[in-house]
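Next come the chains, spelled out residue by residue.
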Amino acid sequence: MLNPLIPALVVAPMDGITDAPMRTLLGEFGAFTYAVSEFVRVSSVPLSAKAFRRAVPELLADGRTPSGLPVQIQILGGDPERMALSAFEACAAGASAIDLNFGCPAPIVNRHDGGASLLRHPARIREIVAAVRAAVPEPVAVSAKLRLGWDTTDSIDENAAMAAEGGASWLTIHARTRVQGYRPPVYWPCIGKVRADLGLPIIANGDIWSIEDFRRCRDETGCIHYMLGRGALADPTLPKRIAVELGIRSGEPPQTDWVKLFERFVELMADDSERGRSRTLCRLKQWLLLSHEHGELRCFHELKRSKTLPEFFGGLVDWVETTSSRQAV
Ligand SMILES: Cc1cc2nc3c(=O)[nH]c(=O)nc-3n(C[C@H](O)[C@H](O)[C@H](O)COP(=O)(O)O)c2cc1C
């Protein structure tokens, strides 16, 4: 999945956003190396292989999206034994790499001993990673995704060292603490310090919204691997531009054709029921909001009241035409 020596650009797991249709679409961009699945939560009983196939349908197709992007399975939980048994089942379902979530800030998850709450217990991070490492076949890589800490950024040094001691093959670090939620700033230099101290491949993550952000993140972390989440949706040309800078692909990407892109997403959602269509509409609005706030498609207020997909697309086409004729003047 990750070759330590070859630069990589990874699709961030985003629960409720980067589901299977979205992973397929992002794979079609041709810029990403692999994707990490949304977290699959291990609670009171270990998960079965069947549960993993249901949660991550790519497992039925050699662990790849129809567009060919490999998908790594992410699990979340605080009990080493249940995490280990679940990871074993994920492998039985076809997983070729497992990622462990030590970053989720959701209060309900944290109250149940999962995600970022483990950042307050470094030794438990080591225990969970080691238990999972011991349970899965040797060729299966085990990685961990961490935030910098619960409420202080310097916890990352010990937590990352513990994950490494447990046997993690690489770490992804989201450069914020749990208490920050998704609020700025990000502390990229902390990632750089872990990379220099640990000698383990590190994937840098957090708040890369533009090519300038990417360059700053690269300068401050010294990493060759990056994970991109919201920025890829806010500006769909960004993954390709980063991939060019990383030497993964060549050629400048064309401007985004938003209408075509959204139409493709609707096609991939492929649920023609009334409920399915309204869910797809919600997803498009969610996407639009991200781009409105951080990208180039600034028409959320115009489209947020659309009640049907045709109404949404009608408004979008009008907006795109008006904007491009304004630019042409
Ligand atoms: C809605 C949402 C859902 C997320 N779900 C997950 C998840 O399931 N697992 C995980 O490790 N991180 C999750 N994250 C965190 C992202 O993977 C990523 O670390 C974070 O968004 C920062 O990267 P970005 O600035 O490139 O988006 C989620 C983030 C968002 C916004």
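The rules behind the values
- Residues numbered from 1 in each chain as written.
- Predicted model: local features only at pLDDT ≥ 70, side-chain atom pairs only at ≥ 80, totals over all residues.
- Helix = DSSP H or I, 4+ residues; strand = E, 2+ residues; numbered from the N terminus.
- Rg over C-alpha atoms; globule rule 2.2 N^0.38 Å.
- Buried ≥ 20, exposed ≤ 12 C-beta atoms within 10 Å, placed from the backbone.
- Contact = placed C-beta atoms within 7 Å.
- Pairing = 2+ DSSP bridges.
- Right-handed = clockwise from strand over helix to strand, strands pointing away.
- Domains from an automatic or database assignment.
- Nonpolar A, V, L, I, M, F, W, Y, C, P; charged D, E, K, R; others polar.
- Axes fitted to C-alpha atoms, helices over the stretch in contact; angles between N-to-C directions.
- Parallel < 35°, antiparallel > 145°, perpendicular 65-115°, else oblique.
- Left-handed = near helix turned anticlockwise from the far one by under 90°.
- Core = buried A, V, L, I, M, F, W, Y, C linked by C-beta atoms within 7 Å.
- Near = placed C-beta within 6 Å.

A few words on the overall build of the chain. Counting its regular elements, the chain contains 14 helices and nine strands. For the chain, the C-alpha radius of gyration of 20 Å lies close to 20 Å, the compact-globule estimate for 329 residues. Burial statistics for the chain: of 329 residues in total, 49% are counted as buried. Looking at the chain alone, contacts between residues at least 24 apart form 69% of all its contacts between residues at least 6 apart.

Glancing now at unusual backbone geometry. Proline 184 connects to proline 185 through a cis peptide bond whose omega is 5°. With respect to the element layout, proline 185 can be found in the loop between strand E7 (170–177) and helix H7 (188–198). Positive phi values are uncommon outside glycine, yet aspartate 62 reaches one of about 65°. Mapped onto the elements, aspartate 62 comes out in the loop between helix H2 (49–55) and strand E4 (71–76). By C-beta crowding, aspartate 62 is classed as exposed, having 11 other C-beta atoms within 10 Å.

What follows deals with the pairing of strand E6 (residues 141–149). Taking burial as the measure, the nine residues of E6 include eight buried ones, the bulk of the element. Relative to E6, strand E5 (residues 97–102) runs parallel, the two being bridged by six bridges. When the sheet's bridge partners are listed, isoleucine 98 is paired in E6 with valine 142. Where E6 meets E7, six bridges bridge the pair, whose relative direction is parallel. Along E7, the bridge assignment pairs lysine 145 with threonine 172. As for the winding sense of the linkage, the β-α-β connection from E6 through helix H6 (residues 155–166) to E7 is right-handed.

It is worth spelling out H7 at this point. Listing the buried residues of H7 in full gives Trp188, Cys190, Ile191, Gly192, Val194 and Arg195. Residues of H7 that are buried sit in contact with E6, H6, E7, strand E8 (202–205) and helix H8 (211–221). Immediately downstream of H7, the backbone of glycine 199 shows phi near 70°, a positive value.

What the domain assignment reports for the chain is domain 1 (8–246) and domain 2 (258–328). Of note, the centres of domain 1 and domain 2, computed from C-alpha atoms alone, are 29 Å apart. The interface is formed by nine residues belonging to domain 1 together with eleven residues belonging to domain 2. Looking at the side of domain 1 that touches domain 2, the elements with two or more residues in it are helix H1 (20–28) and helix H9 (230–234). Of the residues that constitute the side of domain 1 that touches domain 2, the class distribution is six nonpolar, one polar and two charged.

Put simply, H6 and H7 touch, their axes get as near as 10 Å, and they point 40° apart. Relative to H7, the element H6 is oriented oblique. At the point where H6 passes H7, the crossing takes the right-handed sense. Contacts from Ile156, Asp157, Ala160, Ala161 and Ala164 in H6 reach Cys190, Val194, Asp197 and Leu198 in H7. Of the residues belonging to the contact of H6 with H7, the class tally is seven nonpolar, no polar and two charged.

This paragraph deals with the nonpolar core. In a soluble, globular protein the nonpolar side chains are often hidden away together inside. Grouped together as the largest cluster of nonpolar side chains are 99 residues, with contacts concentrated most on Ile75, Ala87, Ile98 and Val132. In terms of domain composition, this core takes at least three residues from each of domain 1 (8–246) and domain 2 (258–328). Beyond its immediate stretch of four places on either side in the chain, alanine 87 contacts Ile75, Ile98, Val132, Ala135 and Val136.

Here we come to the environment of aspartate 257. You can see aspartate 257 is positioned in the loop between helix H10 (238–246) and helix H11 (258–269). Placed 69 residues apart in sequence, aspartate 257 and tryptophan 188 show a C-alpha to C-alpha distance of 32 Å.

This part takes up the site of the ligand. The local shell around the ligand holds 22 residues, among which Ala12, Pro13, Asp15, Gly229 and Arg230 are the closest. Taken together, the residues that form the shell around the ligand break down as eight nonpolar, nine polar and five charged.

The description of two packed helices rests on the angle between their axes and on the distance between the axes. In contact at an axis separation of 7 Å, H7 and H8 are set at 40° when each is read in the N-to-C sense. One way to sum up the angle between H7 and H8 is to call them oblique. For the pair H7 and H8, the crossing hand works out as right-handed. Here H7 contributes Trp188, Pro189, Ile191, Gly192 and Arg195 to the contact with H8, which in turn contributes Cys217, Glu220 and Thr221.

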